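Coordinate analysis (summary)
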Amino acid sequence: MSLELLDGGAAMAEAAIAAGCRFFTGYPMSPFTGLLEEMSRRMPAADGVCLNAESEIEGVNMTLGAAAAGARAATGSCGQGIALMQEAIAEAALNETPFVVFNLARNQQDYFQATRGGGWGDYRTITLAPKDIPEAVEHTQLLFHLADKHRAPVMLYGDPLLAQTRVGVDVQPLDFGALPAKDWALDGTGGGTGRSRQIWTWAMGKANDPGPGPDGHWRAVADKFDRIAAQEQRHEESMVDDAETVVVAFGTAAKFVEHVVAGLRAEGHRIGWFRPITLWPFPGAALRRATTGARNVLVFELNAGQMLDDVRIHAADRDAVRFVGGVSIAESGLSYGPLLDAPVIRERILGAT
C-alpha cells in the first residue's frame, strides 16, 4: 500500500480517473471547485477531457452528451448548482444514459434533493453518502460501475468535510465485476447501415424500427428502478442487537455519531447506531430489523429533518422516532455550524433518552 496525502477533491479525482472517467465538466462552486480543479489538472495526462462550463445547465448537458456516446462521464456542483441540473438528470434517467454526479453540499445535508430530485417522471438516482475520504474513493469507483450496470445517472453525496479534509489514501483501480456491452451508445458504429441508434426519452423508434413508445418505455424504466431498489441497498450498523437507543445518521455526520455512540456504549449505555450508505435506495428492511426492541430511535442530520421521513416510514416503531439534529450553518455560509461537534451531539442524544 502506498499512501498519499490528498484532500477529498484530489482523492475523488484520482478515483474517478482510476474508474475510467474520461470526460468531466462543471462550473466552480465551493466546495465542488477543488474537485473540478483537480480534474482539470489530471485529465490531460489521462487522455481525458475536462471543461469549465459556463453554467451548471451547460455542464450537465455536455456530460449527458459524452455519456450518450459511451464515455464514462461525470459532473457535479454544490446544492444550488445541482438544483439547476435536475431536468437533465431526469432526462438521463428516463432515456437511460449513465453518468456520475458529485453533489458536494455547502452547509446542510440536503437529503431531499439527493433522494427526491427535482426533475420529472418516474425516476430515482442511486445515491451513496460516504462517511470519509477513503470510503469516497471506493464509492466514486463503485458509482461508475453502478451507472453502467443499470444505465442510469447516479450521485455521490458529500460536503465540505469530504471535499476539503486531507488524509492519507491509497487510490487503486477496483474491479466490481463484468458489465454489459454498451451496444446502445451513439458511437457512430451503426451509421449508414440502417441500424443507427437512438437515445430518446420518448422511445418512439424509427419507421423501420419502431420503439415501445413513451408508455411502454416508461413502464420498463419504472420496473427497472424497482429492481434497483431491491438490489442496491447498503448500510452499516453497530451494537444494535441489545440497544435500547439506536441513532440513525448519514454521510460525514455519521462518523461523529459513531464516535459519540462508541463512547456512550463504553460508559454502559445500551446504545447503537445505524448508517444508510445508500440514501436511495434507502435500506428500510435493515433499519426495521436494527430498531426492533429499541425504545428510542434518534435521527441526527444537519437540516430541519429530512431523512427523518424515511426513518419514520421504516422504523420498527415510528412512535419511538425523535429528531436530535437541526440546521447549523457557519457564518460564512460555506460549512456546517457548531452542531457538528461531538460534545453537542452527545448532549442531544442523552437529552432525548
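Bear in mind the structure is a predicted one, so any value in this text is a computation, not a measurement. (Residues numbered from 1 in each chain as written. Predicted model: local features only at pLDDT ≥ 70, side-chain atom pairs only at ≥ 80, totals over all residues. Heavy atoms only, no water.)

The next point concerns the overall build of the chain. Tallying secondary structure elements over the chain gives 12 helices and 16 strands in all. Taken against the 2.2 N^0.38 rule, which gives 20 Å for 353 residues, the C-alpha radius of gyration of the chain at 21 Å falls within 12% of a compact globule. Over its C-alpha atoms, taken along the principal directions, the chain stretches across nearly 70 × 45 × 40 Å. Partitioning the intrachain contacts of the chain with sequence separation of at least 6 by distance along the chain shows that 77% fall at a separation of at least 24. Surface accessibility of the chain: about 14,700 Å² in total, with carbon and sulfur atoms responsible for 50%. (Helix = DSSP H or I, 4+ residues; strand = E, 2+ residues; numbered from the N terminus. Rg over C-alpha atoms; globule rule 2.2 N^0.38 Å. Contact = heavy atoms within 4.5 Å. Areas by Shrake-Rupley, 256 points an atom, 1.4 Å probe, with all protein chains shown as cover.)

A separate point is the packing of aromatic side chains. What characterises a pair of aromatic rings is the spacing of the ring centres plus the angle enclosed by the ring planes. Here the structure, examined in full by the defined rule, presents 7 aromatic pairs. Between Tyr-157 and Phe-250, the aromatic rings sit 6.1 Å apart at their centres with planes inclined by 65°, giving edge-to-face as the arrangement. Here Tyr-157, found in strand β7 (residues 154–158), pairs with Phe-250, found in the loop between β12 (245–248) and α9 (251–266); they are 93 residues apart in sequence, far enough to count as distant. By relative accessible area, Tyr-157 is classed as buried at 2%. Under the relative-accessibility criterion, Phe-250 is labelled buried at 0%. (Phe/Tyr/Trp six-rings, centres within 6.5 Å; stacked < 30°, edge-to-face > 60°. Buried < 20%, exposed > 50% of the residue type's maximum accessible area, 1.4 Å probe, protein only.)

On to the pattern of salt bridges, then. Considering all chains together, one arrives at 19 salt bridges under this definition. Between Arg-41 and Glu-38 there is a salt bridge, with its nearest N and O atoms 2.7 Å apart. Remark: Glu-38 and Arg-41 occur in helix α2 (residues 33–42); sequence separation between them is 3 residues, near one turn of the helix. Arg-41 sits in the exposed class, given a relative accessible area of 54%. Residue class for Glu-38 comes out buried when judged on its relative accessible area of 18%. A salt bridge links Arg-275 to Glu-236; the nearest nitrogen and oxygen atoms lie 2.8 Å apart. With Arg-275 in strand β13 (residues 271–276) and Glu-236 in strand β11 (residues 235–238), this residue pair connects regions lying 39 residues apart in the sequence. A network of salt bridges, in which partner residues are shared, links Lys-131, Glu-135, Glu-236, Glu-258 and Arg-275. (Salt bridge = Lys/Arg side-chain N within 4 Å of Asp/Glu carboxyl O.)

Structural measurements only, silent on function.
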